[in-house]
Amino acid sequence: SGASPVFAERVLSELDRTGARGLAAVDQAAGVIERALAIAPSPKLASAPVVLAFVGPSGAGKTSTLVKLAARLVRARRRVLLVTTDTQSAGAVAELAAQAEALQAPFLPARDGAELAGALESAKSVDAVLIDTAGHSPRDGEMLARLKNTLRGGELEGALTCYLVLSAASSRAALELARASFAEL
């Protein structure tokens, strides 16, 4: 996947040191990789809702990440609103609506920036708003510009934190391209 020889050696030497084999080796390697990567800190809950949008290429795990975070917040007795701007993909709205129902969390689809602003306006009684977005190719500048307009439009300016979700199985070149393409978000 384009990992540097130094990084690969770091992971393998840890496995050699512990003697881990089979699934234990996979878990051990995952731990080494996790400790080596900078992970975004969890935002602090304040008097106003925390608003997080998950952006990235198709298939990167945006919806899965959002649902897992929502489940953790719900277990911590936080009130969560799930929103999707992915209203064009077949089944995307239904999938997130079903997840929201399972979590007993409210859910709203938002087709554009105005509907997203309306969803945020109605979210004053929650601790966190988690926004799922459609996957976009890092090479599709027009779609990325539309996504930027949706997320940054109107009353959302400054009230939103975007997290770029990327697959760890991607090549270094694909990760760099996605990072550069989504940087404005």
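Everything below is about the structure shown above.
No experiment lies behind these values; they were computed from the predicted model shown. (Residues numbered from 1 in each chain as written. Predicted model: local features only at pLDDT ≥ 70, side-chain atom pairs only at ≥ 80, totals over all residues. Heavy atoms only, no water.)

K.L.:
Could you clarify how one ought to interpret unusual backbone geometry in this entry?
P.N.:
Leave glycine aside and you will find that most residues have negative phi; peptide bonds, for their part, are mostly trans. Here Arg77, not a glycine, exhibits a phi torsion of approximately 65 degrees, which is positive. The phi dihedral of Gln104 is positive, around 55 degrees, even though this residue is not glycine. Topologically, Gln104 is positioned in the loop between helix 4 (92–103) and strand 3 (107–109). Judged by relative accessible area, which is 75%, Gln104 ranks as exposed. (Helix = DSSP H or I, 4+ residues; strand = E, 2+ residues; numbered from the N terminus. Buried < 20%, exposed > 50% of the residue type's maximum accessible area, 1.4 Å probe, protein only.)

K.L.:
What exactly am I supposed to notice about the nonpolar core here?
P.N.:
One broad trend across soluble globular proteins is that nonpolar side chains are buried collectively. Judged by nonpolar contacts, the single largest core of 21 residues is most densely connected at Val83, Val129, Ile131, Leu151, Leu160, Phe182 and Leu185. Listing elements by their share of this core, those giving two or more residues are strand 1 (50–55), strand 2 (80–84), helix 5 (113–121), strand 4 (128–132), helix 6 (141–152) and helix 7 (172–182). Ranked by size, the runner-up nonpolar core spans 20 residues in total, among them Phe54, Val67, Leu103 and Ala128. (Core = buried A, V, L, I, M, F, W, Y, C linked by side-chain atoms within 4.5 Å.)

K.L.:
Help me out: how do you make sense of the packing of helix 1 (residues 5–18) against helix 2 (residues 22–36) in this one?
P.N.:
Between two packed helices, both the angle of their axes relative to each other and the distance between the axes serve to describe the pair. Look at helix 1 against helix 2: their axes get within 10 Å of each other, and the N-to-C directions meet at 135 degrees. Classified by the angle between their axes, helix 1 and helix 2 sit oblique to one another. Viewed along their axes, helix 1 and helix 2 form a crossing whose handedness is right-handed. Across the interface between the two elements, Phe7, Arg10, Val11, Glu14, Leu15 and Thr18 of helix 1 pack against Ala25, Gln28, Ala29, Val32, Ile33 and Ala36 of helix 2. Partitioned by chemical class, the residues of the contact of helix 1 with helix 2 number 8 nonpolar, 2 polar and 2 charged. (Axes fitted to C-alpha atoms, helices over the stretch in contact; angles between N-to-C directions. Parallel < 35°, antiparallel > 145°, perpendicular 65-115°, else oblique. Left-handed = near helix turned anticlockwise from the far one by under 90°. Contact = heavy atoms within 4.5 Å. Nonpolar A, V, L, I, M, F, W, Y, C, P; charged D, E, K, R; others polar.)

K.L.:
Looking at this model, I keep getting lost on the sheet that holds strand 3. Mind explaining?
P.N.:
By way of backbone hydrogen bonds, the strands of a sheet pair with one another, either parallel or antiparallel. If you walk across this open sheet you meet the 5 strands as 3-2-4-1-5, and the pairing is parallel. With partners counted over all chains shown, the strands left at the sheet margins are strand 3 and strand 5 (161–164), one partner each. Across this sheet, the average inter-strand angle for adjacent strands is 20 degrees, counted without regard to direction. In this sheet, strand 4 lies alongside strand 2 in parallel orientation, the contact comprising 5 bridges. Note on strand 4: the bridge partner recorded for Leu82 is Leu130. Sitting on the sheet, helix 3 (residues 62–75) touches strand 1, strand 2 and strand 4, and the angle it makes with strand 4 is about 165 degrees. Here helix 6 sits on the sheet and contacts strand 1, strand 4 and strand 5; the angle it forms with strand 1, its principal contact strand, is near 170 degrees. (Pairing = 2+ DSSP bridges.)

K.L.:
Just checking my understanding: could you explain the packing of aromatic side chains for this structure?
P.N.:
Taken as a whole, this structure holds 1 aromatic pair when the rule is applied. Here Phe54 and Tyr163 contribute two aromatic rings whose centre-to-centre distance is 6.0 Å and whose plane-to-plane angle is 25 degrees, an arrangement assigned as stacked. Here Phe54 is found in strand 1, whereas its partner Tyr163 is found in strand 5, with 109 residues between them in sequence. (Phe/Tyr/Trp six-rings, centres within 6.5 Å; stacked < 30°, edge-to-face > 60°.)

K.L.:
Would you mind showing me how to read the environment of Ala145 here?
P.N.:
Structurally, the position occupied by Ala145 is in helix 6. Note on Ala145: relative accessible area 38%, which makes it partly exposed. As a C-alpha pair, Ala145 and Arg72 span 73 residues in sequence and 31 Å in three-dimensional space.

K.L.:
So what exactly am I meant to see when it comes to the pairing of strand 1 here?
P.N.:
On a regular strand, one side chain projects to one face of the sheet and the next to the other, so that they alternate. Most of strand 1 is tucked away, with 6 of its 6 residues classed as buried. Both faces of strand 1 are covered, namely the face carrying Val50, Leu52 and Phe54 and the face carrying Val51, Ala53 and Val55. Direction of pairing for strand 1 relative to strand 4: parallel, over a ladder of 5 bridges. Residue pairing for strand 4: Phe54 is matched across the bridge by Asp132. Note: strand 1 against strand 5, 4 bridges, orientation parallel. In the strand pairing of strand 5, Ala53 is matched with Cys162.

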